[in-house]
Amino acid sequence: MAQEEPTLPDDEDDKRLMALVAEGDDDALRLLVNRHHARLVGYLRGEVGSQATAEELAMEVFIRLHRAASRWRPEAKLSTYLIHIAHNLVLNEWRRRGRKPTTALEFAAEPGDSTQQSARRVAELDEAFQRAIAQLPPEQRTAILLVVQQELPYEDIAEIMGVPVSSVKTWIHRARSRLRELLKDFYGNE
Amino acid sequence: MDNPNHNAFDQELAASLSRGRTVAVPGFSGRVVEAVRADRRRRIVIRWSSVATAAAACLVAVLTLSAPSEEALNRQTLALVARDESAQLADLLGAADDLSLLSPAVEKPSVVEVLNAPGS
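Residues numbered from 1 in each chain as written. Chains lettered and ligands numbered in written order. Predicted model: local features only at pLDDT ≥ 70, side-chain atom pairs only at ≥ 80, totals over all residues. Heavy atoms only, no water.

### Some points on the interface of chain A and chain B
Part 1: Between chain A and chain B, the residue contacts involve 44 residues of the former and 31 residues of the latter.
Part 2: Note on chain A versus chain B: buried area summed over both sides is about 3,500 Å², and carbon and sulfur give 61% of it.
Part 3: Among the residues of chain A in contact with chain B, Met59, Arg180 and Tyr187 of chain A are the three that bury the most area, contributing 17% of the side total.
Part 4: Inspection of the chain A/chain B interface yields seven salt bridges.
Part 5: Arg40 of chain B is paired through a salt bridge with Asp26 of chain A; the nearest N and O atoms lie 2.7 Å apart.
Part 6: The tally of links between chain A and chain B comes to 14 residue pairs in polar contact (both at pLDDT 80 or more).
Part 7: Contributions of two or more residues to the side of chain A that touches chain B are made by α2 (26-48), α3 (51-68), α5 (116-134), α6 (138-149) and α8 (165-182) of chain A.
Part 8: Considering each element in turn, the side of chain A that touches chain B owes the most residues, twelve residues, to α2 of chain A.
Part 9: Residues of the side of chain A that touches chain B, tallied by class, amount to 21 nonpolar, ten polar and 13 charged. (Contact = heavy atoms within 4.5 Å. Buried area = accessible area lost by both parts, 1.4 Å probe. Salt bridge = Lys/Arg side-chain N within 4 Å of Asp/Glu carboxyl O. Polar contact = N/O pair within 3.5 Å; in protein donor to acceptor, adjacent residues only side chain to side chain. Helix = DSSP H or I, 4+ residues; strand = E, 2+ residues; numbered from the N terminus. Nonpolar A, V, L, I, M, F, W, Y, C, P; charged D, E, K, R; others polar.)

In structure tokens, the structure reads:
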């Protein structure tokens, strides 16, 4: 899979904004949220399978970021730090619920310029992928979401999940195998 | 050798997930700022309540620990009395009064005895 560098917000701007947030500047916080929330909500929706819960958790991520602003040291990218907080909240959410999400996600495909037929196929595939991803064990789901959806490098994923890079690679390999198995109706047997 | 099914799978997995990569929520930053302000107010209240509770606990502790026992009070009183010279004088005077009360009564001479006295 291509591990191309995603277009991240400028780290220097993030550092500057975080310094202002630490001083209680709400406008700086608003700017930071505008820069990062879409990606954060996207990741969280992939994890928990619900738009409402994803927004709720994203809100909590930013509240925690605000509380930690004065102690924050710009050693890691802010986007990675935010995903790290989000991942911890997802783990708490699963513990609180006492179960892991296994149901199909609320997912509406955006067909764009496709014809109706191909739009239907895209919607079908998306739903199938989302349903299959929801059935993965939590660590495999997190790893595959972070590597494929968020396009993070293995090292960042390992840092976020607090595990060695080798574990991340193993989980991603297993996740792909399991997804192929779950979606064999679409892709045929190997 | 690459399995073409795998390639199609990988491409469609990436395409499907990338469609959900970003989910922009209109007005989200405003909601976050409101939530952060509420959180800030709540934390200020919690901080001041804990400061007030700690201060009240310290006051009670100071009052309790600094209250002297009865014995200590007696000792302090005696020490104060011992240091107070006016009190010592009062004690002496008090003692003299007591002595005058205890002294034997002397009968005064009558007028006849005075007139009959030699040399009168």
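That was the structure; now back to the text.
### Observations regarding helix α3 (residues 70-83) of chain B
Part 1: The end-to-end C-alpha separation of α3 of chain B is 20 Å, in line with the 20 Å expected for 14 residues at 1.5 Å each.
Part 2: With one of its 14 residues buried, α3 of chain B lies for the most part at the surface. (Expected span 1.5 Å × (residues − 1). Buried < 20%, exposed > 50% of the residue type's maximum accessible area, 1.4 Å probe, protein only.)

### A closer look at the pattern of salt bridges
Part 1: Per the counting criterion, the structure on display carries 20 salt bridges over all chains.
Part 2: Arg141 of chain A serves as the salt-bridge partner of Glu47 of chain A, at 3.6 Å between the closest nitrogen and oxygen. Taken together, the residues Glu47 of chain A in helix α2 and Arg141 of chain A in helix α6 connect sequence positions 94 residues apart. Here the two residues Glu47 of chain A and Arg141 of chain A agree in accessibility, since each one is buried.
Part 3: With a closest N to O distance of 2.7 Å, Arg67 of chain A and Asp39 of chain B form a salt bridge. Highlighted residues: Arg67 of chain A in helix α3 and Asp39 of chain B in helix α2 (residues 28-66), drawn from two different chains.
Part 4: Three or more residues joined by partner-sharing salt bridges are found here, namely Asp13, Asp14, Arg16 and Arg35 of chain A.

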